[in-house]
Amino acid sequence: MSKRFNASVSTRIVAAACVLIASATLTGCGQDRDDGVYTVLNSSTDETYHRWDAEAMARCGKRLGITVEQQSVPAAQVMTKALRMASSKSLPDIVQFDASEMPTFAEAGGLIDLRTLGLSTRDIPRGIVDFGSYKGTYYGAARSVNTLALFYNKDVLRQAGVPVPTTWDELRASAKKLTRGKRYGLALSAGGAEDGVFQFLPFMWSNGGDERRLDGPRVVQALDFWKSLLKDGSLSKSTVSWTQADVNDQFMAGNAAMMINGPWQVETLNTDKSLHWGIARIPVPRAGAASVGPLGGAVLTVPNTGDAGRERMAGRIVACLSSEQEQLTYALNSWMVPANEKAAAVWRQRVPELQALAGQVAAARSRTAELGAGWSSVSLALQSAFQSALTGQSSQAALKRAQQRATSGN
């Protein structure tokens, strides 16, 4: 399951967070708390994820001599729930934010530097440390991360005599050859939401595009490549409205020979024993170029409640939940990739079929690394650009408007 930030509410949240956190959170806790009970606010509303988290919290609670409970709300509600709790001085001890929304809370002064609570970033790749950081301060510990890869139907490619593509030219040629009848060569999400932005970034970043200059030639080239696939008939016109879940449905139904998607789909893919799928890195503009995708996932943070004792214990809970063994257990359950390098090495041995995904994660980047809380404006601008460019407007014009929107915030 992918849990990424709903950018449509982000602009309002940034302003609200600064006001609420500054006026409420930093003045201390507003209610009496049980010294032996600690609460984690997360988005594990799915029954299996809720159970996995409950089991991990029980293990860590036993180890630390306390009780750890979770309070789960839908992913899109975590930030607003945290803000309401801040205003009533009833923040939980730990909040699991989507990494792309964590900078908003951090910018307002609402989070504790995890290093001051004793957490180490040793054995965590630089990109994943950045994933949980804001302006160089480490606020969020990831248990697992995800990114995108190219999934393909082994039987369809073999029957068509098409090798797994590695470059854009190969991807375009393969997708065109694999398009037959009701089956498209490729499925991806270009919808007007964060799903579409998440899927565009591997093409933009691998081509050298920069989120600080959306109308730059490298970004235009990436969007033009998407347009070329649509022009060839290799992509469905419905691409502009599909979510990543829709893309997976099309792939499983045999309506797409390849798709861009993430590991959260693996559990569903495996329910169809007749579907023989493979996975590879997302093709790059030129042979030898790095395939750079976006990191997705959530991070465990400790809110600034003003209660130093509880904050220290919350740090110990985060350290336990993000420990090497707990990461491995969680990753094997969820098909995500452990953030810890040692745990990831074991994970690769356990799930060799996802080896390409592990390599893609190693080169992946955080969406907020360059712009922090300003990422949300860029995301909204890109979403609008896809809709315009894939329905007729030139990529240059659509992205010029996107740059103007991102700069103005409108």
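Fair warning: this is a prediction, and the values are worked out from it, not measured in the lab. (Residues numbered from 1 in each chain as written. Predicted model: local features only at pLDDT ≥ 70, side-chain atom pairs only at ≥ 80, totals over all residues. Heavy atoms only, no water.)

A.B. asks: Got a sec to walk through the state of the cysteines? Specific residues and values, please.
C.D. replies: On inspection of all chains with the given rule, the structure shows one disulfide. A sulfur-sulfur separation of 2.1 Å characterises the disulfide bridge that pairs C60 with C320. Every disulfide takes its handedness from the sign of the S-S torsion; for C60 and C320 that torsion is -90 degrees, giving left-handed. Here C60 is found in helix α2 (residues 47-64), whereas its partner C320 is found in helix α12 (residues 308-321), with 260 residues between them in sequence. An identical accessibility class is assigned to C60 and C320; each is buried. (Disulfide = S-S within 2.5 Å. Helix = DSSP H or I, 4+ residues; strand = E, 2+ residues; numbered from the N terminus. Buried < 20%, exposed > 50% of the residue type's maximum accessible area, 1.4 Å probe, protein only.)

A.B. asks: Mind laying out the packing of aromatic side chains, listing which residues take part and the relevant values?
C.D. replies: Here the structure, examined in full by the defined rule, presents twelve aromatic pairs. Aromatic rings pair up to connect W168, F200, F203, F225, W226 and F386 into one cluster. A cation over an aromatic ring shows up here: R143 above the ring of Y330, its NZ or CZ 4.2 Å from the ring centre. The aromatic ring of Y38 is capped on one face by R310, whose charged end is 4.1 Å from the ring centroid. (Phe/Tyr/Trp six-rings, centres within 6.5 Å; stacked < 30°, edge-to-face > 60°. Lys NZ or Arg CZ within 6 Å of the ring centre and 35° of its normal.)

A.B. asks: Go over the confidence of the model for the protein with me, naming the residues and quoting the values.
C.D. replies: When pLDDT is averaged along the protein, the result is 90, and 92% of the positions lie at 70 or above. Confidence over residues 1-13 falls short of pLDDT 50; this stretch has 39 contacts with residues more than four positions distant or in other chains. Below pLDDT 50 for its whole length, residues 25-30 participates in 16 contacts with residues either more than four positions away or in separate chains. (pLDDT = per-residue confidence, 0-100. Contact = heavy atoms within 4.5 Å.)

A.B. asks: I'd like a rundown of the sheet that holds strand β9 (residues 256-261), residues and numbers included.
C.D. replies: With respect to topology, four strands assemble into an open sheet ordered β8-β9-β7-β10, the strand pairing being mixed. Every other strand in the sheet has two partners, leaving β8 (184-187) and β10 (277-280) as the edge strands with one partner each. Taking the axes of each pair of neighbouring strands and ignoring which way they run, one obtains an average angle of 20 degrees across the sheet. As paired elements, strand β7 (residues 149-153) and β9 share four bridges and run antiparallel to each other. Across the sheet, residue F151 finds its bridge partner in β9, namely M259. (Pairing = 2+ DSSP bridges. Axes fitted to C-alpha atoms, helices over the stretch in contact; angles between N-to-C directions.)

A.B. asks: Go over the pattern of salt bridges with me, naming the residues and quoting the values.
C.D. replies: Tallied over the full model, the rule gives 14 salt bridges. Here D130 ties to R126 by a salt bridge, and the two come within 3.1 Å at their closest N and O atoms. Of this pair, D130 and R126 both sit in helix α5 (residues 126-131), four residues apart, roughly one helical turn. Exposure remark for D130: the relative accessible area of 30% places this residue in the partly exposed category. The class for R126 is exposed, based on a relative accessible area of 56%. Of the charged contacts in the structure, one is a salt bridge between D232 and R172, with a shortest N-O distance of 2.6 Å. Of this pair, D232 sits in helix α9 (residues 217-232) while R172 sits in helix α7 (residues 168-178), and the two are 60 residues apart along the sequence. With relative accessibility at 21%, the residue D232 sits in the partly exposed group. On the accessibility criterion, R172 (34% relative accessible area) is partly exposed. (Salt bridge = Lys/Arg side-chain N within 4 Å of Asp/Glu carboxyl O.)

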